[in-house]
Amino acid sequence: MIAWLTERVAGLLRAARHAIFGTAGSGLYETLRSASFRLLYLLSGGRGRLVRVAGQFPLYVEWERISIDFEELEVGFTLPFGRAISDGMTVFDVGASLGEWSALAGSRAKGVKVHVFEPNGPSWSRIRKVFELNSLTLPTGFFRGFVSDADNLTADEIAGLRAALWPVAVAGSAAFEDLRQPRDIPCICLDTYCRITGAVPDIIKIDVEGAEGLVLRGARST
């Protein structure tokens, strides 16, 4: 009942924001948007928006994702993904974006070990938030960088692979980053990651905007 009521309030707030969008300045719109989300978190007890991914799998997401229809979004992918996960599996989420599929994997069964790979710095605060909304334990492994067919790592970055700590959040909006960017974004092969960490994946989900071939070439041994 609370989830249903909160969704109705969310719809009204969204309609109100959009009604003034064409006539009010961007500053007022953003103020109303921020206030709306604060109210929705309060109404939901801080748990975020409860959705059913692919119409089946319950998951809490940010209220900021109110316009996303998780019931229909990529059902052909999320439905078999969710069904395939069972107790104790190791799941690699390559191209985690905002972390919803990582959180889905972690919430589907007991003792699932999730390894999260994402190059975009600002995404990591969102990934951490969706894990917290779903009361999930810390992911087993992290890599803030590109998964590719060649390694480009410093000694500190290699050492960091063994430390299960959330990557430091970076300010800014979460968006896609380009493979052609310079060395400021590290790259790793999955073969290298598995050799260093000892992880052996049961499932590898890959969503890297057309660079899937690079990921697979770097995972021959895996």
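In what follows, the structure referred to is the one given above.
Here, residues in each chain are numbered from 1, in the same order as that chain's written sequence. Whole-chain, interface and lining totals are the exception, using all residues; otherwise, since this is a predicted model, local features are given only for residues with pLDDT of at least 70 and side-chain atom pairs are given and counted only at 80 or more. Water and hydrogen atoms play no part in the side-chain values, which are based on all heavy atoms of the structure.

J.: Mind showing me how you'd approach the nonpolar core here?
T.: Generally speaking, nonpolar side chains in soluble globular proteins are found buried as a group. Judged by nonpolar contacts, the single largest core of 28 residues is most densely connected at Val53, Phe81 and Ile85. Elements supplying a minimum of two residues to this core: strand 1 (49–53), strand 2 (57–61), helix 3 (75–84), helix 4 (100–108), strand 4 (113–117) and helix 5 (123–133). It only takes one pair of heavy atoms within 4.5 Å for two residues to be counted as in contact. Residue contacts for Ile85: discarding those within four places in its chain leaves Val91, Ala105, Arg108, Ala109, Val112 and Ile203. Take the buried residues of types Ala, Val, Leu, Ile, Met, Phe, Trp, Tyr and Cys, join any two whose side-chain atoms come within 4.5 Å, and each joined set is a nonpolar core. Here the term buried applies to any residue with accessible area under 20% of the maximum for its type, exposed to any over 50%, and partly exposed to those in between, with areas from a 1.4 Å probe on protein chains only. In terms of nonpolar packing, the next biggest core, distinct from the first, is built from 16 residues, Val94, Phe117, Ile188 and Ala211 among them. Numbered from the N terminus, helices here are DSSP runs of H or I no shorter than four residues, and strands are runs of E no shorter than two.

J.: Help me out: how do you make sense of the sheet that holds strand 8 (residues 203–206) in this one?
T.: Remark on secondary structure: sheet strands pair via backbone hydrogen bonds, oriented parallel or antiparallel. For two strands to be treated as a pair, DSSP must find no fewer than two bridges joining them. Pairing within the open sheet is parallel, and its 4 strands lie in the order 5-4-3-8. Where the open sheet ends on each side, the last strands, each with one partner, are strand 5 (141–143) and strand 8. For this sheet, the mean inter-axis angle between neighbouring strands, taken without regard to orientation, is 10°. The pairing of strand 3 (residues 90–94) with strand 4 spans 5 bridges and is parallel. The angle between two axes is taken between their N-to-C directions and runs from 0 to 180 degrees, where each axis is a line fitted to C-alpha atoms and a helix contributes only its stretch in contact.

J.: For this particular structure, what's the right way to read the pattern of salt bridges?
T.: Pairs may arise between side chains of opposite charge once their charged atoms sit close together. One speaks of a salt bridge when a side-chain nitrogen belonging to Lys or Arg is within 4 Å of a carboxyl oxygen belonging to Asp or Glu. With the rule as written, the count across this model stands at 6 salt bridges. Its salt-bridge partner being Arg126, residue Glu62 comes within 2.5 Å of it at the nearest N-O pair. One end of the pair, Glu62, is in the loop between strand 2 and helix 3; the other, Arg126, is in helix 5, and 64 residues separate them in sequence. Glu62 gets classed as buried once you look at its relative accessible area, which sits at 5%.

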